[in-house]
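# Architecture and fold: a report
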Amino acid sequence: MSVTKVLGTLLTSSILVAAAGVAFDAEATPATVPAAAAARPWMNASLSPDVRADLVIKQLTLAEKVQLVHGTGWATLIPGNPIPKGWNYGAGYVPGIERLGIPGIHMDDSAVGVRGAANMSRYATLLPSTVGAAASWNPKAAFLYGAVIGRELRDQGFNMSIGGGVDLAREPRDGRTFEYAGEDPLLAGTMTGNLIKGVQSQHVMGDIKHYAFNDQETGRSYFNAVIGDRAAQESDLLAFRIGIDIGHPAGVMCAYNRVNGIYACENPWLLTQVLRKDIGFKGFVVSDWGGTHSTVASALAGLDMEMPGSLDGKSHFGAALEQAVQSGKVPMATLDEMDHRILRSMFMAGVVEHPVTPRRVVNPFEGRDDAEHIAEESIVLLRNKHHLLPLDAESVHSIAIIGAHADVGVLSGGGSAQVDAPGGNVIDPHAGGAKWGETVYFPSSPLKYIRQHAPHATVAFNSGADIAAAVALARSSQVAVVFAQQHMLEGMDRPTLALPDNQDALIEAVAAANPRTVVVLETGGPVTMPWVDRVQAVVEAWYPGIGGAQALANLLFGNVNFSAKLPVTFPRGEGQLPHPVVTGLTADVFHTELTDAQAKVEPFDVDYNKAGAAVGYKWFERQHLSPLFPFGFGLSYTTYAYSNLKVDADGKTATLTVTNTGRRAGTEIAEAYALLPKASGETYKRLVGFKRVSLAPGEAQTVAIPLNELCESIYGTQKHAFVRLPGTYTILAGPSSANTLLKVTFSVR
Ligand code: BGC
C-alpha cells in the first residue's frame, strides 16, 4: 500500500471515528470537545485490538485506570440505590473515558432475552430457554439466538450482554437449568460459543458464565465445589473452553461459589492457570454481582472487573485498589493488564466504532419470528404412541386444553434471566416489570393457535384447578392436551424433579378419562413422569418463548416436523442422581423454597468428584442406570435409518449414511460418541460430534461429522494439556446416547 493510501485510510477511519465519537457523546459534558483524530491513534480500526488498548492505557491516569475496572453500583437492582449519571437501566455500568472517546460499558442480563425492558417502557423478545435452544443441536439456531439478543441490546443502548450461561446440568434441579445448555461439554460449549458469536455479530460484547462449577443455586454464595483437576478439565471447564474457542467472548463472568476452597473470583488456578494459560482467553473476567471478596488477592488471581461495584469508590476495585497499586501490593503492570483486557475486548467487539446511541425501537415482529423459528427446533417429542400426533386438522372434532394457563400464555423462567412480558404478566398484569420470584406468563396463547389450526373442532379450556372438571372435559373430548409446568428461578433449586402443585394427579386423572392424552411440558429442565405409560404423547416445550404457542401448534398439527433432541438426561427419579438430595438443601428450604440467603445456609462442600467428569448420560452409563429418557433422544413424524459408519485413520471425521425411511420430510440429528482406550479408566462413552441433516422422504445422505479432538482426549494433569491416549478408540453413532448401533474403531499410536 502506498503512503498516500495509508494516510487516506487512516484519515477516513479517523473521520468516521470522530463522527462516531460525537454520536456517542450522549454522556459527555458540553465542555468535552472531540480531540483531533491524529491525537487519538487508538481510534485507528486497522490496528489490532491489543495495540489500540495499549495506546489508550498510555494516556490513562491512575484514577481512570481504576475507573474502568469497577461498576457504579446496584442501581435499580436494589430499589433505593443511587442511579448514576449515564446509566442505561441495565444490570451494570462502567463509565467511559470521554476525553479519549472511550464509551462506557452498558451491560444487561440477556440470558433468554434482554432483561428489565419495562424500566424504560421498552420491549424485548423472550426467546425459548437456552436449554431448549440447545435441544436444537443447531449452531445456526444458537447464532440466531445470540444475534437477536445482540440486536435488541444494541437497540436499547447496551453494548455488553451478560448472558452466555454454560454451567453443566450436573444437578438437574438447579434453578438455572433453563438458562444453561445441558449436560454435555461439547453440545453446551458449541451452542454457547455460537450464541456468543451471534451477540458479537451485532458489535455487542458477549460473555460466558458462571465460571465455574456454579451447578446448583443452593448455597451458591458459599458452597465449595470439590473436584479434581482432570475431572474439572473434562467436564465444566471443557464446556467453557469450547465456548470460548468458538465465540471469543469479550468477558467471562466468574461465579459466586468457591472451587476447591477458594472463591471463583479470586481463584488463581481458575482465572490464570486454566483460563489464560490453558485455554488462552484474552478478554476480561468480570465478577458475578457481589462475587468479589478482596482487592489484592482478586487482582493478583486474575479478576479484571468488579461488578456491580459502587459509586462511592468503596468497592474492592475502587479506592482500595488505587491504594494497593500505590503501595505496590498490586503492581501497576497488573492494573494495566486488567485495563488492557477490557479495552482490547471493546475494540475487538467494535463497540467503539459502533456506538449504541441513538437508540432504536426494537422490532418485535422480527424478534417474534426468530423466537418462533428457534422454538420449532427446540421442542422435543418424547413419546407418540399409536401416532396420536400429529393431530389431523381436518378430522379432529373436539380438543380439551387443560392447565398451565394455556388459554392465555406460556411460562418463562425467573431471576436475572427474567424478561418483562409485553403488557405485563398475562395472568396478572400490574404496573412495572416482573418482580423477583414472580411466575410470569407471556402472551403467546396455545389455546388460540390450536384453535386456529383446527377450525372445524370445538377447542375448550379448563384450568386444571378442579381435577373433576378437567376430567369431565377430557372425557367429552376426542383428544386431551394437558399443559404441565415447573417454574424455575435463579437463587433456588427445585427440591425434587416432580412436577409441583398436584399436576401428576391431574395428568393421571385426565389420562384415565381419555387415553388420547398429550402432555405438553413447560419446564426448566428434566421432570419425572409417573404417568408416562398411560398417556399417548409427551412433548417437552421448555419455556418456549414469545413465539412458543405458534411453534407448538405448528408441531402438534404437523405443519412443522419435530427435530429436537434432549440436551439433558431425564432421570426416573432423584435416586438415580449423583446426589439424591441437592447438597445443602435443608428441610426448611425443601418446604419453603427460600432463597439461599434467606435460609442462611452454612458453608459446605459439594462433592463433584462423585460423578467427576461423568456428568449426565455418562453417569447413567457408568452406574448402569436406565433413565426415563436418555440424552440425545427425540422423536419425529418420520423415521431414520443409520448405516455405513466409517472413521478416518486419525479419528478426526466420521462419515455415515442417514436415510429417511418414513413418509414425511424431516431433519435428523446424527450423534457420534467415542469410547476411549482402557487406559482412560472410563467405562462410558462421550459425545464427540453431531450433525443435523435434512432429508426428504426416502432420501439418503452421507454425512461427515467432525469429531472433536478434545473430547477424544484426556486431560494430562502433569502436562496441563489434553492428550489423546495411545490405543484403540471405538466410535459409535446413532440417533441417541442410548441407541448407538453402529461401531467402528481407529487407533492412536
Ligand atoms: C447472577 C448473574 C447476573 C447478575 C446481574 C447475579 O445474581 O448470578 O447471572 O448476570 O446477577 O444481574
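Reference entry: report on the structure contained in this document. Note on numbering: residues in each chain are counted from 1, in written sequence order. Only residues with pLDDT of 70 or above have their local features reported here, since the model is predicted, and side-chain atom pairs are shown and tallied only from 80 upward, although totals for entire chains, interfaces and linings are computed over all residues. Side-chain numbers come from the whole structure's heavy atoms, not from hydrogens or water.

### A closer look at empty space enclosed by the protein
For clarity, the cut-off: With a 1 Å grid spanning the protein atoms alone, the term cavity applies to any set of points in which a 1.4 Å probe fits but cannot get out, the term pocket to an open set with protein on both sides within 12 Å along at least five of seven lines, and the term lining residue to any residue with an atom within 4 Å of a point. Grid points are joined across faces, edges and corners, and a volume is the space filled by probe spheres set on the points. All residues other than Ala, Val, Leu, Ile, Met, Phe, Trp, Tyr, Cys, Pro, Asp, Glu, Lys and Arg, Gly among them, are scored as polar; the first ten of these are nonpolar and the last four charged.
Per the counting criterion, the structure on display carries ten cavities of 30 Å³ or more. In terms of lining residues, the largest cavity is bounded by 14 residues, among which Ala-169, Arg-170, Pro-172, Leu-577 and Gly-616 are the most central. Partitioned by chemical class, the residues of the lining of the largest cavity number ten nonpolar, two polar and two charged.

### What about the layout of surface pockets?
Stated precisely, the cut-off is as follows: In this description a helix means any DSSP run of H or I spanning at least four residues, a strand means any run of E spanning at least two, and both kinds are numbered starting from the N terminus.
Approximately 910 Å³ is the volume found for the largest pocket. Lining the largest pocket are 40 residues, with Leu-77, Arg-115, Gly-415, Ser-416 and Trp-436 sitting closest to its centre. Elements with a minimum of two residues in the lining of the largest pocket: β4 (207–211) and α19 (596–599). Residue composition of the lining of the largest pocket, by class: 14 nonpolar, 14 polar and twelve charged. By volume, the second largest pocket is sized at about 620 Å³. Leu-635, Ser-636, Thr-638, Thr-639 and Tyr-640 are the residues nearest the centre of the second largest pocket, which is lined by 29 residues in total. At the level of elements, β10 (380–384), β19 (640–647), β21 (666–675) and β26 (727–734) are the ones that each hand at least two residues to the lining of the second largest pocket. Its residues assigned to classes, the lining of the second largest pocket shows 13 nonpolar, twelve polar and four charged.

### Here's the deal with the packing of aromatic side chains
Stated precisely, the cut-off is as follows: Stacked, tilted and edge-to-face are the three classes applied to pairs of Phe, Tyr and Trp rings, where Trp contributes its six-membered ring and a pair requires centres within 6.5 Å; stacked means planes under 30 degrees apart, edge-to-face means over 60, and tilted covers the rest. Remark: exposure states derive from per-residue accessible area (1.4 Å probe, protein chains only) relative to the maximum for the residue type, with buried under 20%, exposed over 50%, and partly exposed in between.
Under the defined criterion, the tally for this structure stands at 14 aromatic pairs. Here the aromatic rings of Tyr-617 and Phe-631 are separated by 4.4 Å at their centres, their planes lie at 15°, and the arrangement is stacked. Of this pair, Tyr-617 sits in helix α20 (residues 617–622) while Phe-631 sits in the loop between α20 and β19, and the two are 14 residues apart along the sequence. As far as the burial class goes, Tyr-617 and Phe-631 line up, both buried. Both rings, one in Tyr-617 and one in Tyr-673, keep their centres 5.8 Å apart while their planes meet at 80°; by these two values the pair is edge-to-face.

### Regarding the side chain of Thr-569
Let me state the cut-off plainly: Throughout this description, a polar contact denotes any pair of N or O atoms lying within 3.5 Å of each other; where both atoms belong to protein, one of them has to be capable of donating a hydrogen while the other can accept it, and for residues adjacent in sequence the pair is counted only when both atoms sit in side chains. Note on contacts: a residue pair qualifies if any of its non-hydrogen atoms lie within 4.5 Å across the two residues.
One can find Thr-569 in the loop between α17 (548–556) and α18 (587–592). Among the polar contacts made by the side chain of Thr-569, one reaches the side chain of Glu-183 at a distance of 2.6 Å. Side-chain polar atoms of Thr-569 contact the backbone nitrogen of Tyr-617, separated by 3.3 Å. With residues up to four places along the chain from it excluded, the contact list for Thr-569 reads Glu-183, Pro-526, Gly-616, Tyr-617, Phe-620, Pro-627, Phe-629 and Phe-631.

### Focus on the sheet that holds strand β6 (residues 251–254)
Worth spelling out the cut-off: Strands qualify as paired when DSSP identifies two bridges or more between them. For every element, the axis is a line fit to its C-alpha atoms; helices are fit only across the contacting stretch, and the angle between N-to-C directions ranges from 0 to 180 degrees.
Judged by pairing direction, the sheet is parallel, and its three strands sit side by side in the order β4-β6-β9 without closing on themselves. Looking at which strands have only one partner, the edges of the open sheet turn out to be β4 and β9 (284–287). Strand after strand, the sheet turns through a mean of 25° between neighbouring axes, direction not considered. Two elements, β4 and β6, share three bridges in a ladder whose sense is parallel. Across the sheet, Tyr-211 pairs through a bridge with Cys-254, a residue of β6.

### Examining the sheet that holds strand β23 (residues 700–706)
One open sheet holds the three strands; their spatial order is β19-β20-β23, and the pairing between them is antiparallel. One side of each edge strand has no neighbouring strand; the edge strands of this open sheet are β19 and β23. Between one strand axis and the next, the sheet turns by 25° as a mean value, whatever way the strands run. Strand direction decides the pairing type here: strand β20 (residues 653–660) and β23, joined by seven bridges, are antiparallel. Bridging across to β23, Leu-656 finds its partner in Val-703.

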